[in-house]
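Residue-level structure breakdown
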Protein chains: 4
Amino acid sequence: MKRARLRDLGLSIGSLPTGPLNAITDVGGVLVGHETIILDQPRVVRSGVTVIVPENGDIWRNHLFAGVHVLNGNGEMTGGAFLEEFGVLAGPIAITSTHTVGAVYEGLVRCKHDLDLGFDLFMPVVAETDDGHLSDSAAFAIRPDHVHAALKAARSGAVLEGNVGGGTGMNAHEFKAGIGTASRCIEVAGGRWTIGVLVQANYGRRNELRLDGRPIGSRIPTHMVPGPWANPKDEGSIIVIVATDAPLLPLQCKRLAQRAGLGVGRVGGTGAPGSGDLFLAFSTGNAHFMEAVDQPHSARFLPDLALGPVFAAVIEATEEGIWNALCAAEDMIGQRGRRSAAIPLDLLKQLASP
Amino acid sequence: MKRARLRDLGLSIGSLPTGPLNAITDVGGVLVGHETIILDQPRVVRSGVTVIVPENGDIWRNHLFAGVHVLNGNGEMTGGAFLEEFGVLAGPIAITSTHTVGAVYEGLVRCKHDLDLGFDLFMPVVAETDDGHLSDSAAFAIRPDHVHAALKAARSGAVLEGNVGGGTGMNAHEFKAGIGTASRCIEVAGGRWTIGVLVQANYGRRNELRLDGRPIGSRIPTHMVPGPWANPKDEGSIIVIVATDAPLLPLQCKRLAQRAGLGVGRVGGTGAPGSGDLFLAFSTGNAHFMEAVDQPHSARFLPDLALGPVFAAVIEATEEGIWNALCAAEDMIGQRGRRSAAIPLDLLKQLASP
Amino acid sequence: MKRARLRDLGLSIGSLPTGPLNAITDVGGVLVGHETIILDQPRVVRSGVTVIVPENGDIWRNHLFAGVHVLNGNGEMTGGAFLEEFGVLAGPIAITSTHTVGAVYEGLVRCKHDLDLGFDLFMPVVAETDDGHLSDSAAFAIRPDHVHAALKAARSGAVLEGNVGGGTGMNAHEFKAGIGTASRCIEVAGGRWTIGVLVQANYGRRNELRLDGRPIGSRIPTHMVPGPWANPKDEGSIIVIVATDAPLLPLQCKRLAQRAGLGVGRVGGTGAPGSGDLFLAFSTGNAHFMEAVDQPHSARFLPDLALGPVFAAVIEATEEGIWNALCAAEDMIGQRGRRSAAIPLDLLKQLASP
Amino acid sequence: MKRARLRDLGLSIGSLPTGPLNAITDVGGVLVGHETIILDQPRVVRSGVTVIVPENGDIWRNHLFAGVHVLNGNGEMTGGAFLEEFGVLAGPIAITSTHTVGAVYEGLVRCKHDLDLGFDLFMPVVAETDDGHLSDSAAFAIRPDHVHAALKAARSGAVLEGNVGGGTGMNAHEFKAGIGTASRCIEVAGGRWTIGVLVQANYGRRNELRLDGRPIGSRIPTHMVPGPWANPKDEGSIIVIVATDAPLLPLQCKRLAQRAGLGVGRVGGTGAPGSGDLFLAFSTGNAHFMEAVDQPHSARFLPDLALGPVFAAVIEATEEGIWNALCAAEDMIGQRGRRSAAIPLDLLKQLASP
């Protein structure tokens, strides 16, 4: 069966309506770009970098409120001190593999430098999960220039999922996984708001995998999977990026980020000790230019007590984003002949029917 | 049908074995005491206080490592600055209703003072959820002396659940709820360890309620509930106390506390804006006396990378603790004739069968 | 020599101009009320409660952004989880003695209840330092009603300092201390803003005491002090409340709160292990009503990169507030005949002259 | 006058005794290595990298407890999520310039990889301050290989200070600065312990500069400085690394890190908005191997209430470390002919004499 999105199978998560694309790009101005590196010589590489670029690319000048939550900190998301102090996102977000955080960090610094904006310093946000099972980490295959390529490729519209960009070599719940996205729309405080999520999923055990609460992984017999299991170690990580056009203050973004963890938990994550479960949420509802210091800025924000539906939307979209990663990813053979099998979609449909 | 515990119905959560009592008191030395106040005159009171007293009551001298996590901070747990700074629990934990935190705080201070231990200062840990739907908050019915009574009543063995102690007037997922407890046993790092959980559950909406992932609340027709729904507002709170005999350092306790939130999430919690979802975990695996300053103390701790099963145990026990609160609680009529119906156990059994 | 404020002695801290009163009440709408309890029978009491009430008393409805920082957490400030989650101050701030936090907590809850505002729940902010050296803690002398009295007494204008309200029985740097206040005015981001500070000072050792950096305490010979030293233990605490009319977001308030610690450090504090050094900053520049959930709220905020002068103002005002507490406090004889001597002002002038 | 250390001038900070070298290397097993890059062609580079390597280089296997505190987060210290979650330092610490964090990050990853330890993943700790005033950031002069060189150069014994390693192009309080170090010895809890500090100082304004409290910077007339002032912008940053052989748990290390900020505050820092004031403290008193998961680990720790002298030591050593950086640094001419003048030592002696 051809790879698909979860809803192509007649399945879904939760009850809230999706945006038109059911993707993080449903949030206005949010672009996604992938740079995928698949090499068999001289080293086997199954890796890449994915960038999320708000403000139609002008996040360098239109700074947005943002917040971070860590479910389990065995991972990296650079720029953390800046995000905690200011609650501001001042550049694109990049997600890559563990060994190439440094190169991607330098790539973002160089990209900003090349723009010659007149203000130079910034603390890039680079997050990672480890593709070392399928991809040869020692290749250090992602270089600063690849970030430039990913930024150039960033666009609105449908988002490629599965074995692409930073997600190229990733596995989740012992199946092939990678990049996934989803969105939800809610109405609250007199407005209609979109919440979009993008995940790079590389965590979890098979027997913990659940679909909208129902156990799935424990019901898939090993012999029904078209190939050996992916790395069954209790490790890996998941990065979740939450975007919304709902106007939110930094602390409110941080609260959204924590709810991404509840979504991970419902799919079967436990914030395992070897996992880097790092979540970032940003709001496009207010933009300001940090270097402008001549007068006070203004911001709007949803009432704190009205955020219930926003939280529910983050949870649902995170769950569905992970499932879209699992459904879109294809079988992959990586270094040392290691195989990672995609979840069998026919079987999934069958197991998920009531 | 007589009220029961979840397992009396042939139902359960997850896969890990329970301790002998399936209760927080399976962790050696942990005592639980309830003081329940039910009055109809002059004001309608459905309230109380529950204390958790580690070290067979000698927590005043045998200080334990502890950590706190907040899923949503619309609630109170006093002593927070001390717990964050030192990661130490230096007295009993009390859980009561929102309006009576002050009285219970004074009660704990007086109890310590009366013990004449020679060192006086401490920052009591008092947490709360709001029973103002069924109980008249303006009665301020819980007084400092009730804390003394609860401490005196504290014992090991089976724990009363449901409409008792701090949980007397509480509701969860629009059913009558209150106190619940559960435990799990795991083997890791060369040892066998017990994880026990006690919840005071007073949060959530009916249609979000899930049993081990499966939707339950959304499948219970209103007409099948023996009485009107409890307060259906998107508010309330849940306090979770996690105890373990696994030796853990303060940061590790904090990590356990965060996993309680994943358990709440799996039952259907979202950390709603009006909710105070506050979790505290402590380890009985090391005790030291803070006032002893003559030489370094020693501690043992489980390897960080071995905590996976401990996290899974916290999640499962939290889920089952909430379900035990729901199953044990009985119908209650409170102030202004308000009724809160217990979840119908026959129906629950029926819905939960595969 | 009659007790005075620091500037009455021709001394001062730093370089920024003060507000008209050099007090926290220079920030528009901020009221301060003291209730002082001095009893010799049946028990010796030197205690009280001080309240800070923004919005000319209407803080119950006009909620303000706020943030907290802990330099050393051996102390209590209730309401912490709420402040961290929402960054909002929703009621008056009360400061009292360690043993009476519970009574003051209940007092604030009762006061709100009596106002019959239609929304009832809140998490009072009650902070403390320990007056147990001079005052008999076992008296539990401060009762809920005293909070009502303090709130009723709250007013704008000059603030009583020294042995008054919550500061009645406090000592700092081994001299009599208590309540102190100061303010600064700065111009930044196109506006003129006032920063006011109120401290309840009860921390520190004599030999660490500094005036605008210059060592003072180590140069005061014991025999020149009119009475025995106050409790020279390396304990005690300091509460600092920072108010400003500069429009700030919650994270920005939190950053101000941390700067209060730098002021304490410059006077000679080290965040000693036995000390509860807890700081809260709030901004009157934006008010919103949390219960209003029908549409987004708006807020203004100073540019993050323009906050330098605001930080400097917090540091200076904190230093001078502590010094005002020391200069205003008078000799006190407390329980068991214990004496606490005020710092000799003549000697201070002499030592501080260049 | 030849450049010196503060004590060579007959000046000092505080009252505690120093270790034999008055350097971070007084803490047993702590090595420091510098790689300094000074180029005039093709681009002007005044930059470098400094590494702190505990456990005589075997920090890769002997993991140490550590903690981080942020005074102002306008800066980068990677590895933050890991340090917060586990409180463990699992590799060397590197400090460099803002633009070269990525290259140094990759350098550390490559160095670990080359060691072929059998466990590969780690989150390097790379901190930075900005040398872009004197050094051409666009050169990206520090490459991954320079980290290897710095690690190879790491040794015990006296530490080069001033214009060296990561500190090469840095300025503080408008004078040339860079790397500085100091140490203190204290006796507490039945033992004698050493606290060592290393700073990379690049922050502050001239008129805020203080020596042990006494104002210095405001008393140095511009015309007495042998050259134009360094960059007088209210920006820059300071990284402080605290090492101690006192056995401490992670939360205790975090508390030490916060005290480094009090030291910065006493020298004249305010945690200015443009500053990245990031502090890390680690303890060599316990080492464990995180990958060893077969049984519980053990640790010793100083009693929390005995840490007062340790805090005082951190504050004093931080102050003196900054002053050592100022005293050791030499005049430097950087890009675009910019000059940064060292603080005149004769004048300093004169101003500092009572």
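Note: the structure precedes this text.
Let me begin by describing the structure that accompanies this report.

Further remarks concern the overall build of chain A. Helix and strand content of chain A: six helices and 17 strands. Taken over C-alpha atoms, the radius of gyration comes to 19 Å for chain A, in line with the 20 Å a tight globule of 354 residues would show. For chain A, buried positions account for 71% of its 354 residues. Of the contacts formed within chain A by residues at least 6 apart in sequence, a portion of 80% connects residues at least 24 apart. Of the accessible surface of chain A, which amounts to about 10,300 Å², a share of 48% is contributed by carbon and sulfur atoms.

The transformation that overlays chain A on chain B combines an axial shift of 0.0 Å with a rotation of 180 degrees, and the residual RMSD is 0.0 Å. Here the two chains are linked by the operation of a two-fold rotation axis. Scanning chain A for the C-alpha nearest the rotation axis identifies A:G213, at a separation of 1.9 Å. Interface overlap between copies is the fraction of interface residues in one copy that are interface residues in the other; for chain A against chain B it reaches 100%, indicating a shared surface.

Take the interface of chain A and chain B next. Each side of the interface is counted separately: chain A has 30 residues, and chain B has 30 residues. Of the roughly 2,200 Å² buried at the junction of chain A and chain B (both faces included), carbon and sulfur atoms supply 50%. Area buried by chain A at its contact with chain B is led by A:L262, A:R266 and A:P273, which between them contribute 26% of it. The tally of links between chain A and chain B comes to two salt bridges. Taking the shortest distance from any N to any O, the salt bridge between B:R210 and A:D212 comes out at 3.3 Å. Our count for the contact surface shared by chain A and chain B stands at 22 residue pairs in polar contact (both at pLDDT 80 or more). The element that contributes the greatest number of residues to the side of chain A that touches chain B is helix α4 (residues 250-267) of chain A, accounting for seven residues. Class assignment for the residues of the side of chain A that touches chain B results in nine nonpolar, 13 polar and eight charged.

Within the fold, B:T50 resides in strand β2 (residues 45-53). Aside from chain neighbours lying at most four places away, what touches B:T50 is B:V32, B:G33, B:H34, B:I93, B:A94, B:I95, B:V164, B:G165, B:G166, B:G167 and B:I179.

Our next topic: the sheet that holds strand β5 (residues 93-97) of chain A. All names here are of chain A. The four strands are arranged β1-β2-β5-β6 in an open sheet whose pairing can be described as mixed. Of all the strands in the sheet, the pair left with one neighbour each is β1 (31-39) and β6 (125-129). For this sheet the average axis-to-axis angle between neighbouring strands, irrespective of direction, equals 15 degrees. In the sheet, β1 pairs with strand β2 (residues 45-53) via nine bridges, with the strands oriented antiparallel. Residue L31 lies in a different strand from β2, and its bridge partner there is V53. Against the sheet, helix α2 (residues 101-115) contacts β2, β5 and β6, and its axis sits at roughly 155 degrees relative to β6. Helix α3 (residues 144-153) rests against β1 and β2 of the sheet, and its axis sits at about 135 degrees to β1.

Another aspect to go through is unusual backbone geometry. Residues apart from glycine generally show negative phi values, whereas peptide bonds are mostly found in trans. Cis peptide bonds are those with omega within 30 degrees of zero, and the linkage from B:Q41 to B:P42 qualifies with -10 degrees. Tracing the chain through its elements places B:P42 in the loop between β1 (31-39) and β2. Even without a glycine there, the phi angle at D:D212 is positive, about 50 degrees. Along the polypeptide, D:D212 turns up in the loop between β11 (210-211) and β12 (214-215). By relative accessible area, D:D212 is classed as buried at 16%. Its identity is not glycine, yet D:R336 carries a phi of approximately 55 degrees, on the positive side. With respect to the helices, strands and loops of the structure, D:R336 is situated in the loop between β16 (332-333) and β17 (339-340).

Cut-offs used in this document
- Residues numbered from 1 in each chain as written.
- Chains lettered and ligands numbered in written order.
- Predicted model: local features only at pLDDT ≥ 70, side-chain atom pairs only at ≥ 80, totals over all residues.
- Heavy atoms only, no water.
- Helix = DSSP H or I, 4+ residues; strand = E, 2+ residues; numbered from the N terminus.
- Rg over C-alpha atoms; globule rule 2.2 N^0.38 Å.
- Buried < 20%, exposed > 50% of the residue type's maximum accessible area, 1.4 Å probe, protein only.
- Contact = heavy atoms within 4.5 Å.
- Areas by Shrake-Rupley, 256 points an atom, 1.4 Å probe, with all protein chains shown as cover.
- Least-squares fit on C-alpha atoms with pLDDT ≥ 70 in both.
- Buried area = accessible area lost by both parts, 1.4 Å probe.
- Salt bridge = Lys/Arg side-chain N within 4 Å of Asp/Glu carboxyl O.
- Polar contact = N/O pair within 3.5 Å; in protein donor to acceptor, adjacent residues only side chain to side chain.
- Nonpolar A, V, L, I, M, F, W, Y, C, P; charged D, E, K, R; others polar.
- Pairing = 2+ DSSP bridges.
- Axes fitted to C-alpha atoms, helices over the stretch in contact; angles between N-to-C directions.

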